[in-house]
Amino acid sequence: MELPELSDGVHLNANSKAASSLPLEESGHFDYFGDRCSVASSRCESTVTGYETLDAPPHYDFYANTEVWGRRRRFRPSLYQLYANPQDDSRPPLYEEASVEHLDRGETTDDEDVDEQKEPPTEPTRFGWVQGVLIRCMLNIWGVILYLRLPWITGQAGIGLTWVIILLSSTITGITGLSTSAIATNGKVKGGGTYFLISRSLGPELGGSIGLIFAFANAVAVAMHTVGFAETVTDLMREHEAVMVDRLNDIRIIGIITVTFLLCISLAGMAWESKAQVVFFFVIMVSFASYIVGTIIPASPQKQAKGFFSYKADIFAVNFVPGWRGKEGNFFGMFSIFFPSATGILAGVNISGDLKNPTVAIPRGTLLAILFTTVSYIIISATIGSCVVRDASGVLNDTLAASSDPESCVGPACQYGWDFSECVQNGTCSYGLINQYQSMSMVSAFAPLITAGIIGATLSSALACLVSAPKVFQCLCKDSLYPLIGFFGKGYGNNDEPLRGYLLTYLIAACFILIADLNTIAPIISNFFLCSYTLINFSCFHASITNSPGWRPSFRYYNKWLSLLGAVCCVVIMFLLKWWSALIAFGIVLFLLGYSLYKKPAVNWGSSVQAGSYNIALNQCVGLNLVEDHVKNYRPQCLVLTGPPSSRPALVDLVSCFTKSLSLMMCANVVCGPSPSVVQKETSEKHVTWLNQRKVKSFYRGVVSSNLRSGVNMLMQGAGLGRIKPNVLMLGFKTSWHSVSPQAAHDYVGILHDAFELQYGICVLRMKEGLDISHPPQSHINPAFDEGPESVCSSLSRAHLQTTSISTIPSSPEPQSNTVFQKKQGKKTIDVYWLCDDGGLILLLPYLLTRRKRWSRCKVRVFVGGLPDKKEEQKQEVLSLIKKFRLGFHDVEVLPDIYQTPQPMNVQLFENMVVGYRKDMNPKQDLGCGPTRVSDGPWQISAQDWEKNKAKTLHQIRLNEVLQDYSREAALILVTMPVGRRGVCPSTLYLAWLDFMSRDLRPPVLLVRGNQENVLTFYCQ
């Protein structure tokens, strides 16, 4: 039975045999693209849709950038493959080549796939949220401040304000954690940690600067934590009278040995490093347990003498309020000491590439780590403040005697039979919260466990920083944002371990360990971390405020204003810690930012800065609609008919001279082709790249049209946005008008008439050597504005056919040709022939040119027509008018001879130029002395037309003689362009005027005509 056929040529699928009878192209495409696979599963469904189609159901492979081992990657069919005729053997357009390449790669047999399959790659070590983020962050937050400074801060600020300090610090880190969670869940996170998050959100400029200093800060933090460990070991050795050299050199020796040991753990792999972190975590938890047990055990006389009395309500009440002492005895002093202990929340983020599921692990592990460590800080401050008094002598004999006066006893210890009044009054107490940093060791049930906890905290923090710095630096190196660092981006093994980065971090840490005193550098490190927190919070705020459709984090528990508050708080804290180190940190960030902005790295990550730029530009464009146009704000916004910009670089360079950083410039190209999608995508990117390489600030717009005139009309009506739209049409002079078809010349003049109807000003540039430097035959080049083939559209159609047949050959970048407008013009002149008043455009353009450095030394000369007997009077009138315009032109010359009769020889040359277009001429009379007779049409010049325009014709001939006399050595000549009346002046006669007026002149000639509306004013309102 024969299958019915639908109107679009698609056969209904009745059985599998019918499916196999489809054309090879369609069935092959369907098997490759569609595969009848569901969204969630890679298994192919046995059911069919009822008809064969290239359309494929949704699949993960269509949106992924990577391939999964063991199966071919699927590719979505392109739009061209869906709508094109399957029987058509022609190649797809240029912008479809990528899809065809995918198809070609995908059409392999199953046997070939089996042969190519090798052993599956070894799965690298990946961590879950507990081992990869939670434990790592908690270890990095817990540190020596917890053991050695938290009891002292509690004694100074009291339990109440200590809680405020802890909660304030945790609030800031919590807000940063929320921002981090939002950014980390807005897409697939790779390796690079903090740098990756910031750079992919705010762009490479800020991300690169923060990534570099964040990696350096982590490297120095390795030294800081290692020196803290070395100091603890040195103090223990001194207690047992074990000294190697002296204290400073002992710290250096122990520090170098320790960091070498940590390096060996890191080089062994992330698995061993993670196991070491688990050991350190166990040690710290045991030390906490020893401390809690110690607070419950009844105090011995020795501990009571040192100020420990177990849990007492009155001790809690006394220690709840502040007891400030010393120069650091204030709230911000205590806050600046405590806050660095809370800056370890990014330890899990920094190994994002080693996590099984970063989008789940980072939010869960980071926020829970902040919660657990905050609770632990609060518990320890409350328990130590409830058990230990602020001052104690440590002397067993300082008991309260029965004969002594209880009222003379000072402090809460008096209620428990101890009198520390003497040392309190003399300031000689050695024990208590304020006087002894080792209060937790004294309280603990077994003091060495606290020492072990200090060692575990310092080594775990050092190890975390030793791993974080190379991971972040490796991602930065691979992005190639800065020179000379790519060597360190190479990874080794399944985990892509940055072994070179480990060695670099080790060397940096070793150098700072040799200093053995990081008290000056530590605040700078803290401020580098705070810079990162600031930008993370700002990234979340900026991405939210731009309302980009691409900002869709799966973590919803964040607020953009809360993120902004967190960023501001981080900046404030930076200056509270050390204002000079904050300035240093910001200075380094700004320096690296300036370098990135200058170099402009060629990466595009879809940052929120791009989205914000779009929003700002859109809002400003819409806002301009509320502002009335004013002549004081007039700017020549040019629509430049360049064709491909690289084919007419002189036209591009001249317009760029008076529009760069001032007004709109839009290079336009009209392509006459059979399909609207013939060249648009590929050529647009290529031309914009060429403009950017030439440092020309211009847009590019191409249209496809059946003919040149209608295409230009489309551009003039549709180009621009709101009030940012062209008002001046700039094009090259058609020097080949007498050798092409009369219709092409007629269309060229029709473009000028259309521009006048749309209230455009017009500038026509003519150069002696021509404008078009392209080498035909080339595709996508519109030769209608300068020398070109006879038939524009047919030539372009043929060029299109040639291009599509060889489009698989990659196109090389267009060359950057030098032009006269790129050179310094020196002390030449810009001659302005202001023959008719068109609103002042012909005066405004040379003024804008002289503001450019390469034109600044040129002198502007203004020539006007006049009468011999009133020459001086007319000169003063023009000078006075120009002076009111404040243009700075002081050289005006009146030309009374401009209205004289031209030389007969030149008149004869002009007549020979147009003889082929005149109706009244006898063909026998002009045989062999002019162009061949053209066909009848509106371009023909009748005797009546010739007589009506005779005076204007003689004037244009005479004007060329004047230009030859006065402006042979000028850098540029600007002449008021005559206007040919539609229906009165034939197009060929008008082109002959423009041609003869500007002929045989060495300097470039710019014919200018405004739209008869003022572009200059001498009023201030």
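All values reported here derive from a predicted model rather than from experimental measurement.

Asker: Would you mind showing me how to read the overall build of the chain here?
Answerer: For the chain, the helix and strand inventory stands at 34 helices and ten strands. Relative to its full complement of 1021 residues, the chain shows a buried share of 52%. In the chain, 79% of the contacts between residues at least 6 apart in sequence involve partners at least 24 apart. As presented, the chain carries roughly 47,700 Å² of accessible surface, and 57% of it is formed by carbon and sulfur atoms.

Asker: When you look at the sheet that holds strand β6 (residues 829-833) in this model, what are you seeing that I'm missing?
Answerer: One key point about sheets: their strands pair by backbone hydrogen bonds, in either a parallel or an antiparallel sense. Sheet architecture is open: ten strands sit in the order β3-β2-β1-β4-β5-β10-β9-β6-β7-β8, paired in mixed fashion. Edge positions in the sheet fall to β3 (699-704) and β8 (891-895), since each of these pairs with one other strand and no more. In this sheet, adjacent strand axes meet at a mean angle of 20 degrees when their direction is disregarded. Of the pairings in the sheet, the one linking strand β1 (residues 638-641) to strand β2 (residues 665-671) comprises four bridges and is parallel in character. Pairing of leucine 639 across the sheet is with methionine 666, part of β2. Sitting on the sheet, helix α27 (residues 742-757) is in contact with β4 (728-732), β5 (761-766) and β10 (1005-1009), with an inclination near 165 degrees to β4. Lying over the sheet, helix α29 (residues 841-850) contacts β4, β5, β6, β7 (859-865), β9 (972-976) and β10, oriented at roughly 170 degrees with respect to β6.

Asker: Would you mind going over unusual backbone geometry with me for this structure?
Answerer: With a phi angle near 65 degrees, glutamine 759 is a residue other than glycine that sits in the positive phi range. For glutamine 759, a relative accessible area of 41% gives the class partly exposed. Here the phi dihedral of glutamine 1012 falls at roughly 65 degrees; this positive angle occurs in a residue that is not glycine. Considering the arrangement of structural elements, one finds glutamine 1012 in the segment after β10. For glutamine 1012, a relative accessible area of 47% gives the class partly exposed.

Asker: Is there a simple way to explain the packing of aromatic side chains in this structure?
Answerer: A ring pair, where both rings are aromatic, is described by two values, the distance of the centres and the angle of the planes. If you walk through the whole model with that rule in mind, you get 31 aromatic pairs. Note on phenylalanine 487 and phenylalanine 488: the rings are 5.3 Å apart at their centroids and 85 degrees apart in plane angle, and the pair reads as edge-to-face. Of the residues examined, phenylalanine 487 reaches a relative accessible area of 52% and is grouped as exposed. Judged by centre distance (5.8 Å) and plane angle (80 degrees), the ring pair of phenylalanine 910 and phenylalanine 996 falls under edge-to-face. Pair noted here: phenylalanine 910 is in helix α31 (residues 904-914) and phenylalanine 996 is in helix α34 (residues 987-997), with a separation of 86 residues, a long-range link. Positioned above the aromatic ring of phenylalanine 487 is the side chain of arginine 500, whose terminal nitrogen or guanidinium carbon lies 4.0 Å from the ring centre. Here lysine 884 stacks its cationic end above the ring of phenylalanine 1018, 5.6 Å away from the centre of that ring.

Asker: Whenever I open this one, the packing of helix α7 (residues 144-184) against helix α21 (residues 560-577) confuses me. Can you help?
Answerer: Describing two packed helices takes the angle between their axes plus the distance from one axis to the other. With their axes 9 Å apart at the nearest point, α7 and α21 run at an angle of 130 degrees to one another. Taken together, the axes of α7 and α21 are oblique relative to one another. The chirality of how α7 crosses α21 is left-handed. Judged by residue contacts, Ile172, Ile175, Thr176, Leu178 and Ser179 of α7 engage Leu562, Ser563, Gly566, Cys569, Cys570 and Ile573 from α21. Considering only residue class, the contact of α7 with α21 consists of seven nonpolar, four polar and no charged.

Asker: Even after reading the chapter, I still don't get the confidence of the model for the chain, so can you show me in this structure?
Answerer: Any region with low pLDDT has predicted coordinates that should not be read closely. Averaged over the chain, the pLDDT score is 81; the fraction of residues at 70 or greater is 83%. Predicted confidence for residues 787-810 stays below pLDDT 50, and this span has 38 contacts to residues more than four positions away or in other chains. For residues 922-930, every residue scores under 50 in pLDDT, and the model assigns this stretch nine contacts once sequence neighbours within four places are set aside.

Asker: I tried to follow the state of the cysteines on my own but got confused; where do I start?
Answerer: Two cysteines joined by a covalent bond between their sulfur atoms form a disulfide. Scanning the entire structure with this criterion turns up two disulfides. Linked covalently through their sulfurs, cysteine 409 and cysteine 414 form a disulfide whose S-S length is 1.7 Å. Torsion about the S-S bond of the cysteine 409 and cysteine 414 cystine: about -90 degrees, corresponding to left-handed handedness. You'll find cysteine 409 and cysteine 414 in the same group, each marked buried. There is a disulfide in this structure between cysteine 423 and cysteine 429, and the S-S distance comes to 1.9 Å. Disulfide cysteine 423 to cysteine 429: torsion about the S-S bond roughly 80 degrees, handedness right-handed. Taken as a pair, cysteine 423 and cysteine 429 share a single burial class, namely buried. Shown here for the chain is a disulfide pattern of 1-2, 3-4, where each number marks a bonded cysteine counted in sequence order. Free of any disulfide, cysteine 477 has its nearest neighbouring cysteine sulfur in cysteine 475, separated by 9.3 Å.

Asker: Just checking my understanding: could you explain the environment of leucine 535 for this structure?
Answerer: The residue leucine 535 is located in helix α20 (residues 522-545) in this model. Note on leucine 535: relative accessible area 11%, which makes it buried. Each C-alpha atom, one on leucine 535 and one on leucine 197, is 9.8 Å from the other, the two residues being 338 residues apart in sequence.

Asker: Help me understand the pairing of β10, please; the structure alone is not making it clear to me.
Answerer: Regular strands place their side chains on alternate faces of the sheet. Most of β10 is tucked away: five of the five residues are buried. Side chains of β10 alternate between two faces, with Val1005, Leu1007 and Arg1009 and Leu1006 and Val1008 buried alike. Across five bridges, the pairing between β5 and β10 is antiparallel. Bridging across to β10, isoleucine 762 finds its partner in arginine 1009. Bridge count for β9 against β10 is four bridges, and the pairing is parallel. Across the sheet, isoleucine 973 pairs through a bridge with valine 1005, a residue of β10. Taking the sense of rotation as the criterion, the β-α-β connection linking β9, α34 and β10 turns out right-handed.

Asker: How should I be thinking about the packing of α7 against helix α13 (residues 313-320) in this particular structure?
Answerer: Contact geometry for α7 and α13: axes closest at 7 Å, N-to-C directions at 95 degrees. One way to sum up the angle between α7 and α13 is to call them roughly perpendicular. Note on element contacts: α13 touches α7 through Phe316, Asn319 and Phe320, opposite Thr154, Gly158, Ile159, Gly160 and Trp163. Of the residues that constitute the contact of α7 with α13, the class distribution is four nonpolar, four polar and no charged.

Asker: Hey, could you run me through the side chain of serine 987 in this one?
Answerer: Following the sequence through the fold, serine 987 ends up in helix α34. Residues within four places of serine 987 in sequence aside, it is in contact with His746, Val749 and Trp939.

Asker: Is there a simple way to think about the nonpolar core in this case?
Answerer: In summary, soluble globular proteins display a tendency toward joint burial of nonpolar side chains. Grouped together as the largest cluster of nonpolar side chains are 125 residues, with contacts concentrated most on Trp142, Leu146, Tyr147, Phe338, Tyr377, Val388 and Leu530. When sequence neighbours within four positions are dropped, the list of residues in contact with leucine 146 reads Pro151, Phe288, Tyr377, Ile380 and Met440. Leu641, Val712, Val962 and Ala992 belong to the second largest nonpolar core, which has 55 residues in total.

Asker: Help me understand a nonpolar patch on the surface in this model?
Answerer: Residues Ile292, Ile296, Tyr311, Leu371, Phe372, Val375 and Ile379 make up a contiguous nonpolar surface patch of about 610 Å² in total accessible area. Listed by contribution, the elements that provide at least two residues to the nonpolar patch are α11 (270-296) and α15 (358-387). Top contributing element to the nonpolar patch by residue count: α15, with four residues. Relative to the helices and strands, tyrosine 311 is located in the loop between α12 (301-305) and α13.

Asker: What is the right way to read the pattern of salt bridges from this model?
Answerer: Opposite charge on two side chains allows them to pair when their charged atoms are near. In total, this model carries 17 salt bridges according to the counting rule given. Of the charged contacts, one joins arginine 709 and aspartate 754 as a salt bridge, the two residues approaching to 2.9 Å between their closest N and O atoms. Placement of arginine 709 in helix α26 (residues 708-718) and of aspartate 754 in helix α27 is noted, with a sequence separation of 45 residues between them. A residue is classified by how much of its surface remains accessible, and arginine 709, at 25% relative accessible area, is partly exposed. On the basis of relative accessible area, aspartate 754 is assigned to the buried category, the value being 8%.

Conventions adopted
- Residues numbered from 1 in each chain as written.
- Predicted model: local features only at pLDDT ≥ 70, side-chain atom pairs only at ≥ 80, totals over all residues.
- Heavy atoms only, no water.
- Helix = DSSP H or I, 4+ residues; strand = E, 2+ residues; numbered from the N terminus.
- Buried < 20%, exposed > 50% of the residue type's maximum accessible area, 1.4 Å probe, protein only.
- Contact = heavy atoms within 4.5 Å.
- Areas by Shrake-Rupley, 256 points an atom, 1.4 Å probe, with all protein chains shown as cover.
- Pairing = 2+ DSSP bridges.
- Axes fitted to C-alpha atoms, helices over the stretch in contact; angles between N-to-C directions.
- Phe/Tyr/Trp six-rings, centres within 6.5 Å; stacked < 30°, edge-to-face > 60°.
- Lys NZ or Arg CZ within 6 Å of the ring centre and 35° of its normal.
- Parallel < 35°, antiparallel > 145°, perpendicular 65-115°, else oblique.
- Left-handed = near helix turned anticlockwise from the far one by under 90°.
- Nonpolar A, V, L, I, M, F, W, Y, C, P; charged D, E, K, R; others polar.
- pLDDT = per-residue confidence, 0-100.
- Disulfide = S-S within 2.5 Å.
- Right-handed = clockwise from strand over helix to strand, strands pointing away.
- Core = buried A, V, L, I, M, F, W, Y, C linked by side-chain atoms within 4.5 Å.
- Patch = residues over 30% accessible without salt bridge, like charges linked within 9 Å, V, L, I, M, F, W, Y side chains within 5 Å.
- Salt bridge = Lys/Arg side-chain N within 4 Å of Asp/Glu carboxyl O.

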